[in-house]
Amino acid sequence: VANLLVAALLQENWDLAGEMMKRDRFHQPYRKQLVPHFEAVEQFGLENGAFGVFISGAGPTVLSCCEPGKGQELASLLGNEFTEMDIKLLQIESFGSRAIENCELELQGKRV
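Residues numbered from 1 in each chain as written. Predicted model: local features only at pLDDT ≥ 70, side-chain atom pairs only at ≥ 80, totals over all residues. Heavy atoms only, no water.

### Digging into the overall build of the protein
Phase 1: If you tally the helices and strands in the protein, you get 5 helices and 4 strands.
Phase 2: Tracing the protein from N to C terminus, the helices and strands come up as α-α-α-α-β-β-α-β-β.
Phase 3: Against the compact-globule benchmark of 13 Å for 112 residues, the protein has a radius of gyration of 17 Å, which places it well outside the compact range.
Phase 4: The principal-axis extents of the C-alpha atoms in the protein amount to approximately 45 × 35 × 30 Å.
Phase 5: Expressed as a percentage of its 112 residues, the buried residues of the protein come to 21%.
Phase 6: Sequence-distant contacts in the protein: of pairs separated by 6 or more residues, those separated by 24 or more amount to 38%.
Phase 7: Summed over its atoms, the accessible surface of the protein is roughly 8,900 Å², and 52% of this surface lies on carbon and sulfur atoms.
Phase 8: Each charge class in the protein was averaged separately, 10 positive and 16 negative side chains, and the resulting centres sit 5 Å apart. (Helix = DSSP H or I, 4+ residues; strand = E, 2+ residues; numbered from the N terminus. Rg over C-alpha atoms; globule rule 2.2 N^0.38 Å. Buried < 20%, exposed > 50% of the residue type's maximum accessible area, 1.4 Å probe, protein only. Contact = heavy atoms within 4.5 Å. Areas by Shrake-Rupley, 256 points an atom, 1.4 Å probe, with all protein chains shown as cover. Lys, Arg positive; Asp, Glu negative; His and termini not counted. Charge placed at Lys NZ, Arg CZ, Asp CG, Glu CD.)

### As for helix 5 (residues 71-81)
Phase 1: Taken residue by residue, helix 5 has G71, L74, A75 and L78 as its buried positions. All buried residues of helix 5 project into a common sector of 100° when viewed along the axis, lining one side. Exposed residues on helix 5 whose side chains face more than 90 degrees from its buried face are Q72, E73 and N80.
Phase 2: Lining the buried residues of helix 5 we find helix 4 (38-47), strand 1 (50-55) and strand 2 (62-66). (Arc of directions from axis to C-beta.)

### Details of the side chain of Q28
Phase 1: Secondary-structure assignment places Q28 in helix 3 (residues 28-31).
Phase 2: Separated by 3.3 Å, the side chain of Q28 and the backbone oxygen of V53 make a polar contact.
Phase 3: The contacts of Q28, once residues within four sequence positions are left out, are F38, E42, V53, F54 and I55. (Polar contact = N/O pair within 3.5 Å; in protein donor to acceptor, adjacent residues only side chain to side chain.)

### Describing the packing of helix 1 (residues 2-10) against helix 2 (residues 14-22)
Phase 1: One way to put it is that helix 1 packs onto helix 2 with a least axis distance of 8 Å and a crossing angle of 155°. Here helix 1 is positioned roughly antiparallel relative to helix 2, judged by the angle of their axes. Between helix 1 and helix 2 the crossing geometry is left-handed. Residue-level contacts link L4, L5, A8 and L9 of helix 1 to W14, L16, A17, M20 and M21 of helix 2. (Axes fitted to C-alpha atoms, helices over the stretch in contact; angles between N-to-C directions. Parallel < 35°, antiparallel > 145°, perpendicular 65-115°, else oblique. Left-handed = near helix turned anticlockwise from the far one by under 90°.)

Here is the structure:
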């Protein structure tokens, strides 16, 4: 299932990717009860353009995946439906991690 999911994503076969995401038998079936409103968000997302919806890491973040160019519309619909939740439109980082020279960060009010 994991191999087919990766292949489907690489081939932009969104229907197959969504189908493989639904076949998880190790994580989501056990964790979804721990994330309030997960099933409502999942159903709404799938009915409104997401090809897959899943719990990120240990939760409580829920990610909805949709075809390129459809994210803003889905985020808007989710925001209108689930007004008590923070909805953020994210972009996939396609370059991986990078080292940045002379980068200043602020942690707990201190520059490092």
